[in-house]
Amino acid sequence: MEEVNQGPIGVFDSGYGGISVLANLIEAMPKESFVYISDSINAPYGELESQEVLNHALNHMRILEKQSAKAVVIACNTATSAAATALRAKYSFPIIGMEPAVKPAITKSSSGKILVAATGLTLKERKFAALVKKMDLQHNIVTLPCHGLVEIIEEYGPESKEVTKKLDELLAPLQPLNVDGVVLGCTHYVLIKNQWKAALPEGTRIHDGNEGTVKQTMRMIMENTTITKAHSMGKVSLMDSSQDDERLEKSKQLLQNQLRINGIVSSDQLEIELRKNNELCKS
Ligand code: DGL
């Protein structure tokens, strides 16, 4: 009988953003173990060239493959646009990516006008243009490349007043905002959903790709390997390319915080390991 890979699920992003996805993955599959890579020394990916993002992603994949990851979730819209196709061609295990949740947003919009907020690179990449073209949405979408927002979230934290100020600055030129839906097309923006809510007109629907990504991950794992049948919760290992203790501790707090806010699993039962790995700096 073919041996089933009981390894962890790998998850990576340029920084704290993917922790919002990691929390949702843990909630959906609490018995799985996860290894999370935050590539903070190379962030923000949204201001890099595609090839650079691909090189970083290849490095993460090498590390996750060594840890026998049974699947990898690219918890980053930018890295998905720049690297998912090449990674899938190279590796045989499931690689799940993210894309701005344009389809659900347009379906639920009454005015047919939505705003897509994402990094410069995500909005510039062929993948996004193809999505808009395929759905014939050229006249329905206002795009907002949020230059500088990821850096502020990374530096000051998701709940800082600097984030609120930056959001107001980014939205000011678009007033009056004639849309009834906003897509958060970057996982960092999902960490600041409450600030978006406060900055947008009342009643604006906010969409993100987290739920779709979690569903797709479960589907792919069930089709290709197997869901772990342990009796207890899995373990989560957090790594950061800066190797910085404070950042690792902050990542842990953010994860516990997300789990507490969502209230689906208790973060007290979860074993969270902060792990150093020098190979993370190599790309
Ligand atoms: N969190 C990432 C995304 O979903 C990338 C942010 C960045 O590094 O620019 O796009």
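Structure: above.
For clarity, every value in this text was computed on a predicted model and none was experimentally measured.

Novice: I'm lost on the overall build of the protein chain in this one. Help?
Specialist: If you tally the helices and strands in the protein chain, you get 12 helices and 10 strands. Compactness check: the protein chain gives a C-alpha radius of gyration of 18 Å against a globular reference of 19 Å for 283 residues, within 12% of the reference. Burial analysis of the protein chain (283 residues in total) assigns 56% to the buried set. In the protein chain, of all internal contacts separated by at least 6 residues, the share reaching a separation of at least 24 is 78%. Accessible surface for the protein chain amounts to roughly 13100 Å². Of this, 48% is attributable to carbon and sulfur atoms.

Novice: Would you explain the site of the ligand in this entry?
Specialist: Around the ligand there are 13 residues in total, and Ser14, Tyr45, Gly46, Thr78 and His188 lie nearest to it. In the environment of the ligand, a nitrogen atom lies 3.0 Å from a nitrogen or oxygen atom belonging to the side chain of Asp13. Within the backbone of Thr187, an N or O atom sits 2.8 Å from an oxygen atom of the ligand. Bound to the protein, the ligand loses 99% of the 300 Å² it would expose on its own. Taken together, the elements giving at least two residues each to the shell around the ligand come down to helix H3 (77-90) and helix H9 (187-190). Counted by class, the shell around the ligand contains 5 nonpolar, 7 polar and 1 charged residues.

Novice: Please explain the side chain of Ser267 as it appears in this structure.
Specialist: By secondary structure assignment, the location of Ser267 is in the loop between helix H12 (245-262) and strand S10 (271-274). Beyond its immediate chain neighbours, meaning those up to four positions away, Ser267 contacts Gln256, Leu259 and Arg260.

Novice: Looking at this model, I keep getting lost on the packing of helix H2 (residues 50-66) against H3. Mind explaining?
Specialist: Geometrically, a packed helix pair is captured by the angle between its two axes and the distance between the axes. Running from amino to carboxyl end, H2 crosses H3 at an angle of 50°, the nearest separation of the two axes being 9 Å. By the angle between their axes, H2 is oblique relative to H3. Two packed elements cross with a definite hand, and for H2 against H3 that hand is right-handed. Contact with H2, carried on its side by Ser50, Val53, Leu54, Ala57, Leu58 and Met61, involves Ala79, Ala82, Ala83, Ala86, Leu87 and Lys90 of H3 and no other residues of that element. Split by residue class, the contact of H2 with H3 holds 10 nonpolar, 1 polar and 1 charged.

Novice: Help me understand the sheet that holds strand S5 (residues 114-118) in this model?
Specialist: In spatial order, the strands read S6-S5-S7-S8; together these 4 strands make up an open sheet with parallel pairing. Both outer strands of the open sheet, strand S6 (141-145) and strand S8 (205-208), are each paired with one neighbouring strand and no more. When the angles between neighbouring strand axes are averaged without regard to direction, this sheet yields 20°. Strand direction decides the pairing type here: strand S7 (residues 181-184) and S8, joined by 4 bridges, are parallel. Bridging from a neighbouring strand, Val183 pairs with His207 of S8.

Novice: How should I be thinking about the sheet that holds S10 in this particular structure?
Specialist: In a beta sheet, neighbouring strands pair by backbone hydrogen bonds and run either parallel or antiparallel. Pairing in this open sheet of 6 strands is parallel, and the strands run S4-S3-S1-S2-S9-S10 from one edge to the other. Looking at strand neighbours, the two that pair on one side only are strand S4 (95-96) and S10, the edges of this open sheet. Where H12 meets the sheet, its contacts fall on strand S2 (34-38), strand S9 (235-240) and S10, and the angle it forms with S9 comes to roughly 140°.

Novice: It is not clear to me how the pattern of salt bridges should be interpreted in this structure. Could you clarify?
Specialist: Side chains that differ in sign of charge can pair as their charged atoms come close. Overall, the coordinates contain 12 salt bridges when judged by the stated rule. The salt bridge involving Lys166 is made with Glu169; its shortest N-O contact spans 3.8 Å. On the criterion of helical spacing, the pair formed by Lys166 and Glu169 is a turn pair, its members being 3 residues apart in helix H8 (residues 161-171). Judged by its relative accessible area of 16%, Lys166 is buried.

Novice: Sorry if this is basic, but what is going on with the side chain of Ser109 here?
Specialist: For Ser109, the location among the structural elements is in the loop between helix H4 (102-108) and S5. At 3.4 Å, the side chain of Ser109 and the backbone nitrogen of Ser111 are in polar contact.

Criteria and thresholds
Residues numbered from 1 in each chain as written. Predicted model: local features only at pLDDT ≥ 70, side-chain atom pairs only at ≥ 80, totals over all residues. Heavy atoms only, no water. Helix = DSSP H or I, 4+ residues; strand = E, 2+ residues; numbered from the N terminus. Rg over C-alpha atoms; globule rule 2.2 N^0.38 Å. Buried < 20%, exposed > 50% of the residue type's maximum accessible area, 1.4 Å probe, protein only. Contact = heavy atoms within 4.5 Å. Areas by Shrake-Rupley, 256 points an atom, 1.4 Å probe, with all protein chains shown as cover. Near = heavy atom within 4 Å. Polar contact = N/O pair within 3.5 Å; in protein donor to acceptor, adjacent residues only side chain to side chain. Nonpolar A, V, L, I, M, F, W, Y, C, P; charged D, E, K, R; others polar. Axes fitted to C-alpha atoms, helices over the stretch in contact; angles between N-to-C directions. Parallel < 35°, antiparallel > 145°, perpendicular 65-115°, else oblique. Left-handed = near helix turned anticlockwise from the far one by under 90°. Pairing = 2+ DSSP bridges. Salt bridge = Lys/Arg side-chain N within 4 Å of Asp/Glu carboxyl O.

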